[in-house]
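Residue-level listing of the chains:
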Amino acid sequence: MRPRRDKYNDSDIDACYKSLMLAVIEQAVRDYKKALLAAKRCDDLLARRKIRELENFFCGEWFEQLSNIDGKMLVRKIRKMVLGD
């Protein structure tokens, strides 16, 4: 009987995980920008809730595990870019 081969080697799996982590962060940044603009335009309560959720994400443990970026600094930079704060 032939030895069973995995479909992917470890480096392919690592690349897939890195791509997924990057996609999660990129989507969170897009959602954060969109929520900031919505809250600025019409003081939307749902947008403000989304802003809080995403700020908690950026400053939380999971974000630290996904990235080596300082989440608080990222929030400040995005706010400055979108709102001019």
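What you see is a predicted model, and the numbers here were worked out from it, not measured in a lab.

Analysis parameters
- As a convention, each chain's residues are numbered from 1 in the sequence order in which they are written.
- Local features are withheld for residues below a pLDDT of 70 in this predicted model, meaning they are given only at 70 or higher, and side-chain atom pairs are given and counted only at 80 or more; totals for whole chains, interfaces and linings count all residues.
- Side-chain calculation: all heavy atoms of the structure are included, whereas hydrogens and water are not.
- Think of it this way: any DSSP run of H or I at least four residues long counts as a helix, any run of E at least two long counts as a strand, and we number them from the N terminus.
- Summary of the burial criterion: residues with accessible area below 20% of their type's maximum are buried, those above 50% are exposed, and those between are partly exposed, where the area comes from a 1.4 Å probe applied to protein chains only.
- Any pair of residues with heavy atoms lying within 4.5 Å of one another is described as a contacting pair.
- One confidence number per residue, pLDDT, is output by the predictor and ranges from 0 to 100.

Visitor: Mind laying out the overall build of the protein, listing which residues take part and the relevant values?
Guide: For the protein, the count of helices and strands is four helices and zero strands. Written out in order from the N terminus, the α and β elements of the protein read α-α-α-α. Looking at the 85 residues of the protein, the share that counts as buried comes to 26%. Sequence-distant contacts in the protein: of pairs separated by 6 or more residues, those separated by 24 or more amount to 55%.

Visitor: How would you summarise the confidence of the model for the protein if you had to cite specific residues and measurements?
Guide: Chain-level statistics for the protein give a pLDDT mean of 89 and a share of 87% at 70 or above. Here helix α1 (residues 10–42) stands out as the least confident element of the protein, with mean pLDDT 91; helix α2 (residues 45–58) is the most confident, with 96.

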